[in-house]
Amino acid sequence: MISLSGFDGANKAVHPRLLLATVGQDSINQDPTHADLRPWRQAQALVDRSFGVDTPATVISNAVRIYRYGRQELENKFFSVINPGSWKGFSQEVSIAVPPNAAWFDEAIVAYSEGAKYVGTHVSSLGPDPQDSWDANADGILCGRPLSIPGPAAAPTLTLMRNGDLSGSTVTEETRFYVYTYVNDLGWESEPSPISAQVDALPLSRIRVSGFTAAAAPLKITKFRIYRTQPGMSGEADFFFVDEIAASETEYFEDGMGQEPLTELCDTFGLAPFPADGKNIITLWNGMMACSVGRTVRYCEPNKPYAWPLQYETMLDDEVICLAKFGQRLVAVTASGTKLIDGASPDSMQDTPGYVAIGTTAARSVVEFNKSAVVYASKSGLVMVDNGTPRIITDGILMQHQWQALGPETMVGCFYKGLYIASYIAPGSGNVRKAFAIDPLNPKGIYWMDAGFSTTYFDDMLGGMFYHVAGQLYQFDAAATFMTATWESKTFRTPKPVTYKTCELLAEAYPAVTFSFRALMDPTPGNPTPSEVTFSKTVTGQREFKLKPGFMASEWIFKIQTTTPVQIANVAMSVEELKASV
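Definitions and cut-offs
- Residues numbered from 1 in each chain as written.
- Predicted model: local features only at pLDDT ≥ 70, side-chain atom pairs only at ≥ 80, totals over all residues.
- Heavy atoms only, no water.
- Helix = DSSP H or I, 4+ residues; strand = E, 2+ residues; numbered from the N terminus.
- Phe/Tyr/Trp six-rings, centres within 6.5 Å; stacked < 30°, edge-to-face > 60°.
- Buried < 20%, exposed > 50% of the residue type's maximum accessible area, 1.4 Å probe, protein only.
- Lys NZ or Arg CZ within 6 Å of the ring centre and 35° of its normal.
- Polar contact = N/O pair within 3.5 Å; in protein donor to acceptor, adjacent residues only side chain to side chain.
- Contact = heavy atoms within 4.5 Å.
- Pairing = 2+ DSSP bridges.
- Axes fitted to C-alpha atoms, helices over the stretch in contact; angles between N-to-C directions.
- Salt bridge = Lys/Arg side-chain N within 4 Å of Asp/Glu carboxyl O.
- 1 Å grid on protein atoms, 1.4 Å probe; cavity = no way out; pocket = protein on both sides within 12 Å on 5 of 7 lines; lining within 4 Å.
- Points joined across faces, edges and corners; volume = space filled by probe spheres on them.
- Nonpolar A, V, L, I, M, F, W, Y, C, P; charged D, E, K, R; others polar.

**Student:** What exactly am I supposed to notice about unusual backbone geometry here?
**Tutor:** Peptide bonds are mostly trans, and most non-glycine residues show a negative phi. With omega at 0°, the peptide bond leading from Tyr510 into Pro511 counts as cis. Turning to its location among the elements, Pro511 is positioned in the loop between strand S46 (502-507) and strand S47 (513-521). If you check the backbone angles, Asn431 has positive phi at about 65° while not being a glycine. Along the polypeptide, Asn431 turns up in the loop between strand S38 (419-425) and strand S39 (433-438). Phi at Ala470 is positive, roughly 55°, even though this residue is not glycine. Along the chain, Ala470 falls in the loop between strand S42 (464-469) and strand S43 (472-475).

This is how it looks when you write it as structure tokens:
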């Protein structure tokens, strides 16, 4: 008797006769997250019910990247319903990361071809700001504010209003310098202004600081922060925080200069804006973010995503294609290899010597897998990078030429239900996308899908995978109805020709299953060409059913097509053999 169960996908690298009984020659539209043969559910089209009437939920039709920014909206938990504006499509390649200190549910930083911008429905003392809104325009790139605050262009002006009292004292005049910075409604602080002219004054003097330069309106500057030097501290060039005033003020008076020592250093010297050619922005640990600029990886000041000092960088040997992470390790993927970068702070980030995996040119295939690894498509196969030795997880499942025939450079990947799912365009397929799923941690087989996607987004809050077709948004595997799954077994070869006469198939519903086989008869002196017998039957219930009689064969290939979960199919040479196995 032959039992068909387990249904561990397909294997194209091993000869069909040598496969394990649970591994097939083909598996299409099978959900591998169950121990049975279960089809994926159909995709669910999303709708917008914001006006009480269902309308299609859409993004721009040519979107190459989609993103859900309404991260706290309860209505989104109902997978077929979204609020207006909760999704945004981008017509060019972008990278999106949530700042480590984000205070609002939809804050994000979008890096694109001309730099990066902050986007979010931030509400401050100025009220909601339309410029920051995701709804500022249809494409979602021009909205938001630049990820930087230029510092003041002019130095402050100092006036000695009253000198200190020398009576009964031996103190002498001290030299002071001042600078000031801009602070916007998000709390971002700029580089300091140029240093003021010096002022020589005694302790307890009164100094007027003026000449503040008004910032351009789009910067939304709400405060000026004032700093000055003080003698007796480590480093005469250090500037210490004095006070903070509203940006509407035109002057500030420091009374009693020198009474109390200042302790808070100005730490915005040398800050640089997000690089104009930066891309692949990613949120790291300890308040850090990273981006790539050519062959370098750059880092921001902790919890300051607007400040990217030039000294915080890691040089690599090749241009960075994509950045990803697992745990507290940054993965820089290039066309020639992959580097792991470690560090607890921006000034300590460095790559791991000698750790080089196979590279990729398919940036959209790179996926952070379950926070424990990074998976991506290379020319040689599907690569997994973790704390161990990097490995090609499709080895033993697909031959290299079979993998390359899928067009790995076209792959778009996504994490879903513990699987790596990738869509691809095989050369010569007429630009038609198909897909596959594989379990990187336990790659027993590959699971094909007869339809793919051009872009995808995994929502970790909803646990759902989303994509669009011509602008219409869909959630994968979310509808009530199943796809049609097909699984074809290995080639079972018997020591001598036999006849399998009966079958029992257990499924969740009937008649949603078709059982078929191909039987191959060995050539004989009188019939040198192998002949094939086929059989197909719609299964109507759990009771055993008869197979095609009147022939004997030594090789048997079984196929199950189903729109309902199937647990097992037992094929026997007699009813008695079938019942004896129960």
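Now, onward.
**Student:** What is the right way to look at the packing of aromatic side chains in this model?
**Tutor:** Geometrically, a pair of aromatic rings is defined through the distance of the ring centres and the angle of the planes. Counted by the stated rule, this structure contains 37 aromatic pairs. Their ring planes at 85° and their centres at 5.5 Å tell us that Tyr118 and Trp188 sit as a pair that is edge-to-face. Placement of the pair is Tyr118 in strand S13 (residues 115-119) and Trp188 in the loop between strand S19 (178-184) and strand S20 (199-201), with a sequence separation of 70 residues. Comparing Tyr118 with Trp188, the two get one shared label, buried. Pairing Phe369 with Phe415 gives two aromatic rings, centres 5.3 Å apart and planes at 80°, and the pair type is edge-to-face. Of this pair, Phe369 sits in strand S33 (residues 367-369) while Phe415 is found in strand S37 (residues 412-416), placing the two residues 46 residues apart along the sequence. A relative accessible area of 1% means that Phe369 is categorised as buried. When its relative accessible area of 13% is taken as the criterion, Phe415 is described as buried. When the ring centre of Phe253 is taken as origin, the NZ or CZ atom of Arg206, which lies over that ring, is 4.3 Å away.

**Student:** When you look at the side chain of Ser423 in this model, what are you seeing that I'm missing?
**Tutor:** Mapping Ser423 onto the fold places it in strand S38. Polar side-chain contacts of Ser423 include one of 3.2 Å to the side chain of Arg433. Separated by 3.2 Å, the side chain of Ser423 and the backbone oxygen of Lys434 make a polar contact. With sequence-adjacent residues up to four places away left out, Ser423 is seen in contact with Thr410, Met411, Val412, Arg433, Lys434, Ala435, Gly452 and Phe453.

**Student:** In this structure, what is going on with the sheet that holds strand S23 (residues 240-246)? I would like to understand it.
**Tutor:** The strands that make up a sheet are held in pairs by hydrogen bonds between backbone atoms, and each pair lies either parallel or antiparallel. The 3 strands are arranged S19-S22-S23 in an open sheet whose pairing can be described as antiparallel. A single partner strand is all that each edge strand has here, and the edge strands are S19 and S23. Across the sheet, the axes of successive neighbouring strands diverge by a mean angle of 25°, strand direction being ignored. Where S19 meets strand S22 (residues 221-228), 7 bridges bridge the pair, whose relative direction is antiparallel.

**Student:** Where do I start with the environment of Leu46 in this structure?
**Tutor:** The topology assignment puts Leu46 in the loop between strand S5 (44-45) and strand S6 (47-48). Placed 422 residues apart in sequence, Leu46 and His468 show a C-alpha to C-alpha distance of 9.7 Å.

**Student:** I would appreciate a short explanation of the pattern of salt bridges in the present structure.
**Tutor:** Side-chain pairing between opposite charges can occur once the charged atoms of the two side chains come close. Applying the stated criterion across every chain yields a total of 25 salt bridges. One salt bridge in this structure joins Arg38 and Glu508, with 3.6 Å as the shortest N-O distance. You can see Arg38 sitting in strand S4 (residues 38-39) and its partner Glu508 sitting in the loop between S46 and S47, a full 470 residues away along the chain. A salt bridge links Glu254 to Arg228; its shortest N-O distance comes to 2.9 Å. With Glu254 in strand S24 (residues 251-257) and Arg228 in strand S22, this pair connects stretches of sequence that are 26 residues apart. The residues Glu254 and Arg228 share a single accessibility class, namely buried. One salt-bridge network, in which partners are shared between bridges, spans Glu189, Lys223, Arg225, Glu244 and Glu264.

**Student:** What should I look at first to understand the pairing of strand S26 (residues 289-293) in this one?
**Tutor:** Two faces belong to every sheet, and in a regular strand the side chains alternate between them. Along S26, 5 of the 5 residues are buried, which leaves the element largely enclosed by surrounding structure. Where burial is concerned, the two faces of S26 agree: the one with Met289, Cys291 and Val293 and the one with Ala290 and Ser292 are both buried. For strand S25 (residues 279-283) and S26, the ladder comprises 3 bridges, and the chain directions are antiparallel. When the bridges of S26 are listed, Thr283 appears paired with Met289. The antiparallel pairing of S25 with S26 creates a hairpin that spans 5 residues between the two strands, and Asn286 there sits at a positive phi of about 55°. From the end of S26 to the start of strand S27 (residues 296-299), which pair antiparallel, there are 2 residues, and Gly294 there has a positive phi angle of about 60°.

**Student:** Can you walk me through the layout of surface pockets in this structure?
**Tutor:** By volume, the largest pocket amounts to about 1700 Å³. At the level of secondary structure, the elements contributing two or more residues to the lining of the largest pocket comprise strand S8 (65-68), strand S11 (95-97), strand S12 (108-112), S25, strand S29 (320-326), S33, S37 and strand S41 (456-459). Sort the elements by how many residues they give to the lining of the largest pocket and S29 lands first, with 6 residues. Among the residues making up the lining of the largest pocket, the classes are represented as 23 nonpolar, 10 polar and 11 charged.

**Student:** How should the sheet that holds S27 be read in this particular structure?
**Tutor:** Judged by pairing direction, the sheet is antiparallel, and its 4 strands sit side by side in the order S25-S26-S27-S28 without closing on themselves. Only two strands of the sheet have a single partner each, and these edge strands are S25 and strand S28 (313-315). Strand-to-strand twist of the sheet, defined as the mean angle between neighbouring strand axes without regard to direction, takes the value 20°. Two strands pair when backbone bridges link them, and S27 and S28 are joined in this way by 3 bridges, in the antiparallel orientation. When the bridges of S28 are listed, Thr296 appears paired with Met315.

**Student:** Even after reading the chapter, I still don't get the pairing of S39, so can you show me in this structure?
**Tutor:** Of all 6 residues making up S39, 5 are buried, and the element is well covered by its neighbours. Across 6 bridges, S38 lies against S39 in antiparallel orientation. Opposite Ile425, over in S39, you have Arg433 as the bridge partner. The pairing of S39 with strand S40 (residues 447-449) spans 3 bridges and is classified as antiparallel. Counterpart to Phe436 in the pairing with S40 is Trp448.

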